[in-house]
Amino acid sequence: VPWLPAPPAPGGVWIKKKLMTMMFVLFPAGATGGAQLDTAPSAPGTLPHFLQEPVDAYIVKSNPIKLRCWAAPALQIFFKCNGEWVHQNEHFSHEFKDLHTGLKVREVMINVSRQQVEDFHGPEDYWCLCVAWSHLGTSKSRKATVRIAYLRKNFEQDPQGREVPINGMIVLHCRPPEGVPAAEVEWLKNEEALSSLTDDNIVTRADHNLIINEARLSDSGNYTCLASNIVARRRSATATVVVFVNGGWSLWTEWSACNVPCGRGIQRRSRTCTNPAPLNGGAFCEGMSVQKITCNALCPVDGGWDEWSEWTACSSQCERQRRRECNSPAPRHRGRVCDGSGEDTENCTDGLCTQSKPCPPGLFHAAILPSLRRCVDASNDVALYSGLGAGIFAVAILIVAVMLYRKNHSEYGVDVIDSSALAGGFQSFNFKTTRQGNPLLLNSSMQPDLTVGRTYSTPLCFQDAADKELFDPLPDIKVKVQSSFMVSLSVAERAEFHAKTAAETFPRDPSRDYCVTAARRVNGLLTLNGPFSTAEKEPLTTAAVFGHEGGRLVAPNTGVSLLVPHGAVAEDTSWEMHMVIYQGGSSVQKLDECDILLGPEVTYGPPGLDLLGPVAMSIAHCAEVDMENWNILLKRRTQDSKWEEVMSTEEESTSCYCLMDSTSCHLLLDQPGSYALVGEPLTQAAVKRLKLAVFGSVDAGSLSYSLRVYSVDDTPHAFQAVVAAERTRGGQLLEEPKMLPFRANTFSLQVSIQDVPQFLWTIKPFTTCQEFSFPQVWCSNQQPLHCAFSLERYSPAAAQLSCKISVRQVNGHEQILQVYTAVAEAEKDSVPFFMQTDCTVTSQTGPKAFKIPSSIRQRICATFDTANAKGKDWQLLAQKLGLDRNLGYFAKQQSPSAVILSLWEARHQDATDLDSLASALEEIGKIHSRGSPKDRSDGEPDFSHIRAGSLSREAPPTNQETEDSG
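First, a word on scope: everything that follows refers to the structure included in this document. Source: prediction; values computed, not measured.

**A few points about the sheet that holds strand E36 (residues 664-669)**
Across the sheet, six strands lie side by side as E35-E36-E32-E28-E27-E48; this open sheet has antiparallel pairing. Either end of the sheet is taken by a strand with one partner, and the two such strands are strand E35 (657-660) and strand E48 (843-845). For this sheet, the mean angle separating the axes of adjacent strands, direction not counted, is 10 degrees. The pairing of strand E32 (residues 615-620) with E36 spans six bridges and is antiparallel. Paired with Ala 620 across the two strands is Ser 664, which belongs to E36. Most of the contacts of helix H12 (residues 896-907) go to E36, to which it runs at about 150 degrees, and overall it touches strand E27 (551-555), strand E28 (560-564), E32, E35 and E36.

**Here's the deal with the sheet that holds strand E17 (residues 202-204)**
Across the sheet, three strands lie side by side as E13-E18-E17; this open sheet has antiparallel pairing. The two strands at the open ends of the sheet, each matched to only one other strand, are strand E13 (170-172) and E17. Averaged over all pairs of adjacent strands, the angle between strand axes in this sheet comes to 15 degrees, irrespective of strand direction. By the bridge criterion, three bridges tie E13 to strand E18 (residues 210-212) in an arrangement that is antiparallel. Paired with Ile 170 across the strands is Ile 212, a residue of E18.

**Points about the pairing of strand E15 (residues 184-189)**
As judged from the six bridges shared by E15 and strand E19 (residues 221-228), these two strands associate in the antiparallel manner. For Val 185, the partnering residue across the bridge sits in E19 and is Ala 227. The hairpin turn running from E15 into strand E16 (residues 192-194), its antiparallel successor, is two residues long, and Asn 190 in that turn takes a positive phi close to 50 degrees.

**Digging into the side chain of Arg 793**
Among the secondary structure elements, Arg 793 is positioned in strand E45 (residues 785-793). Accessibility expressed as a relative area gives 4% for Arg 793, which makes it buried. Side-chain polar atoms of Arg 793 contact the backbone oxygen of Ala 798, separated by 3.2 Å.

**Side note on the state of the cysteines**
Enumeration according to the criterion identifies eight disulfides in this entry. Note that Cys 69 is cross-linked by a disulfide to Cys 130, the S-S spacing being 1.6 Å. Because the sign of the S-S torsion sets the handedness, a value of about 90 degrees for the bond joining Cys 69 and Cys 130 places this disulfide among the right-handed ones. One end of the pair, Cys 69, is in strand E3 (residues 65-72); the other, Cys 130, is in strand E8 (residues 126-134), and 61 residues separate them in sequence.

**Focus on a nonpolar patch on the surface**
A surface patch of nonpolar side chains, amounting to about 230 Å² of accessible area, comprises Ile 166, Leu 217 and Leu 279. Looking at the secondary structure, you find Leu 279 in the loop between strand E22 (263-270) and strand E23 (290-297).

**Regarding the packing of aromatic side chains**
Scanning the model with the defined rule gives 15 aromatic pairs in all. The ring of Trp 249 is capped by Arg 271, whose NZ or CZ atom sits 4.1 Å from the centre of that ring. Positioned above the aromatic ring of Phe 719 is the side chain of Lys 691, whose terminal nitrogen or guanidinium carbon lies 3.9 Å from the ring centre.

**Section: the pattern of salt bridges**
This structure, assessed with the given rule, holds 29 salt bridges. Between Asp 344 and Arg 322 there is a salt bridge, with the nearest N and O atoms lying 3.2 Å from each other. Remark: Arg 322 occurs in strand E24 (residues 319-323) and Asp 344 occurs in strand E25 (residues 343-347); sequence separation between them is 22 residues. Between Lys 688 and Asp 713 there is a salt bridge, and its shortest N-O distance comes to 2.8 Å. With a gap of 25 residues between them, Lys 688 in strand E38 (residues 687-698) and Asp 713 in strand E39 (residues 704-713) connect regions that are remote in the sequence. Using a relative accessible area of 0% as the deciding quantity, one classes Lys 688 as buried. Take Asp 713: its relative accessible area is 0%, and that puts it in the buried class. Through salt bridges with shared partners, one network takes in Asp 199, Arg 216 and Asp 219.

**Some remarks on the nonpolar core**
Counting residues in hydrophobic clusters, the biggest one holds 70 residues, and the most contacted among them are Tyr 604, Leu 669, Leu 707, Val 709, Ile 753, Phe 789 and Ile 805. Among residues more than four places away in sequence, those in contact with Leu 669 are Tyr 604, Pro 614, Val 615, Met 617, Leu 634, Cys 656 and Tyr 675. If you look at the next biggest cluster of nonpolar residues, it comprises 33 residues, including Leu 668, Ile 852, Leu 876 and Leu 901.

**So, the pairing of strand E6 (residues 92-97)**
Pairing between E6 and strand E7 (residues 104-112): six bridges, direction antiparallel. Across the sheet, the residue bridging to His 94 is Glu 107, located in E7. Hairpin remark: E6 followed by E7, antiparallel, with six residues in the connecting loop; positive phi at Gly 102, about 75 degrees.

Reading the values: the criteria
- Each residue is numbered by its place in its chain's sequence as written, counting from 1.
- Owing to the predicted nature of the model, reporting of local features is limited to residues with pLDDT of at least 70; listing and counting of side-chain atom pairs is limited to 80 or more, with chain, interface and lining totals taken over all residues.
- Hydrogens and water molecules were not included; the side-chain quantities draw on all heavy atoms of the structure.
- A pair of strands counts as paired when DSSP detects no fewer than two bridges linking them.
- Elements are defined by DSSP. Helices are runs of H or I of four residues or more, strands are runs of E of two residues or more, and each kind is numbered from the N terminus.
- Axis geometry follows a simple rule: fit a line to the C-alpha atoms, using only the stretch in contact for helices, then measure angles between N-to-C directions, giving values from 0 to 180 degrees.
- The contact definition used throughout considers only heavy atoms, calling two residues in contact when any of these lie within 4.5 Å.
- Between buried and exposed lies partly exposed: a residue is buried under 20% and exposed over 50% of the maximum accessible area for its type, with that area taken using a 1.4 Å probe on protein chains only.
- Between N or O atoms, a polar contact is any pair within 3.5 Å; within protein, one atom must be a potential hydrogen donor and the other a potential acceptor, and residues adjacent in sequence are included only when both atoms are from side chains.
- The disulfide criterion used throughout: a pair of cysteine sulfur atoms within 2.5 Å.
- Patch criteria: residues need more than 30% relative accessible area and no salt bridge. Like-charged residues are merged within 9 Å; nonpolar side chains of Val, Leu, Ile, Met, Phe, Trp and Tyr are merged within 5 Å.
- The Shrake-Rupley method, run with a 1.4 Å probe, gives the accessible areas here. Residue values count only the displayed protein chains as cover.
- The salt bridge criterion pairs a side-chain nitrogen of Lys or Arg with a carboxyl oxygen of Asp or Glu, the two atoms within 4 Å.
- Pairing of aromatic side chains here covers Phe, Tyr and the six-membered ring of Trp, requires ring centres within 6.5 Å, and sorts the geometry by plane angle: under 30 degrees stacked, over 60 edge-to-face, intermediate tilted.
- Comment: the charge-over-ring label is applied if NZ (Lys) or CZ (Arg) is within 6 Å of the ring centre and within 35 degrees of the ring normal.
- Nine residue types can take part in a nonpolar core, namely buried Ala, Val, Leu, Ile, Met, Phe, Trp, Tyr and Cys, and a core is a set of them joined through side-chain atoms within 4.5 Å.

Right under this line is the structure:
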């Protein structure tokens, strides 16, 4: 209390008594909480000794703290705070006797509130001490400070995520929030406490930083700095540590055997990026995984006979022998041995004596005399052989006479025996009616359109009411028939072509057969009958303006489209982009001799186009994709109109990406220009698809009817040339187009008409079977081939035609086109086949051009572009979408996931839903949902519950941590 005098200094006894008298006056009984002052000293000659001094304390929130003092011997104890005595009413005293020492111990306690501490404004912290009195004097305790406890919310420095190579050092910095008392720091890895005591590779420093000396794969995870004191507990932002492994190449395998048994082929060797395999977003191996070199396998050499040796002397058995050896040449390299026998035996007496009928004694020696006597009568044999020779000569004369008679007295004839003729005589015919509901066939219930066939699904088609001509009419070319079986080549050329084929031993390199012929065709040395004119036609062009949102450009009914991804065009920028499809064959002539065009030549631009990412181009092709039989290349036309190789579809490249599907090729391109997909067959098993179609039309004012059979590479673009030609002729499609596999085995293509009703129709002789040579078909390069059959009715009453068209490759596949059609005169004025409007809308821009919503696309990219310790990165996305080839191309992109999704969009543009993408994301989500839920970092999208068609799920909100007030 303020009025309490200062504690007395040691002095005389009278002073002490005086002080005791004053104490009794000042503190009567009960003034100090009921405690009585003891007039007798508890321990004469002893100053008060503190058994418990006040300790530093912290006020948490609004809870007051208690300060205590114990002293013995003590007549009285008072607290002094910040230099001022605490009022006696705020003291709580208690006195008891210590059982061990027998001394009286006095305990005093006071409360200090938050308000008291906040109201104090001094140069130091709020403090209190105890003052204890005894008979001999006073003692003071230590100062105890009282502070308000708190802990700020925000860390002064959060740990940052790291991507480090294996065996590298990891340093994670952490500066905890300001607080009183100072916060203690501990580290969590995947929500589990991390201790340097159990792992020598981990060091926790006094500055709270975490150091991992040598990173291991197991050190990948989510690290959190945890700060805590008596007030609160704070968590830092989670730092994701990814320990990655850069890929390394394995050793090259041995070179494979030459892939052809004879001639020029290819040898391969490969290596894999598995030494080690890239992990956790590590760099993919640079370079090629496959190397190829050309090889020349030694062709088999068949054995040939030497000349016969001289005859031996005539033996006692009336025989002589001669021999020959199979050494001209000797068989080599798995060649066949000589056919026939190496020994020859004959009777050396002209049959006058045999082993079964020996000559009389002495006749053997007479056999060499000029006047040899005969041992047997051979007159009967001479008569027999003479009669047979005369008979054969007479039959030959008769056959020649009949053929001359037919040639001079018959204008028309039939050289194919129909099934109706075998029945003998006239019979009634029941013609099949047109199949109902098929839009491709004549007289269907709805008007059909040749441009929309069942064989193709147009890549992207936006319906419009406008009708647009896509192709110029093709010229009406007649097939010059030279014989009933060979109409394509002259007699000398046919003989040369088949002589080559028969002379070689299979298997052989097929490129030697048709490459030379193709070169002769290009140079004008070989005139082909049947293909349309290769004169340059007006190219098909489509264009649109694209901005930052991207879009899609489509050439209708051609199987060609261009996808400009979202973000490929810089913001506040737009480009007018075009796409051109060339229909002529001039550029094809500059390809290599053994290359054939598998799809149309496509150009996109403008030339100075500058985009932030690749575009996705889709081109239909006609190859049966099998890399063992094909070498398929992507080529680009240079400024001097030559073709340079960009990449092989089998190899890996970082300049572009090529994905081959069964009917289309999907390209990721960075550089505008003219591109073409070409193929070189490696074996005779290489197959390209042909599309076969038959059309018919009535010749005006006559009884003639024309059937035209087309063979064209199986791509929508090539078939449009047929569409344009038949549109100008008014032709009708008589049967659904069919596909024929055409092999690279050098055999020709034969087209024949069968089962024509002979009593109703007539066809010129020697025209029922027509043929295209192998080079014509194989090297057609997207140009249609066709042949025509001209039939004539005996009477206008014949209003229907029923027959079959057989198209087959010699020693290969066959297709039958069944014709059932009405050819009455009234049919000429019927509605033409081509009335349905073509698909003419060629572009879409903005979000409506894409199947994947923009928000979903952004979430997928954000999730998979960042390397994750659990392996959920873009490589896993590519694997689940079946795009895990040539990963080096994706790795160099700024957003690999975005490029993968663009390729998926191009590949599935015909699909009506997102099933495959949803299934892939659902599978990825299930894989990672098997772990503990706490392993999933905050805000990370969870794909485990995605179902097909439900890709618009919102991301879960993150919880905001509020600061605890101290």
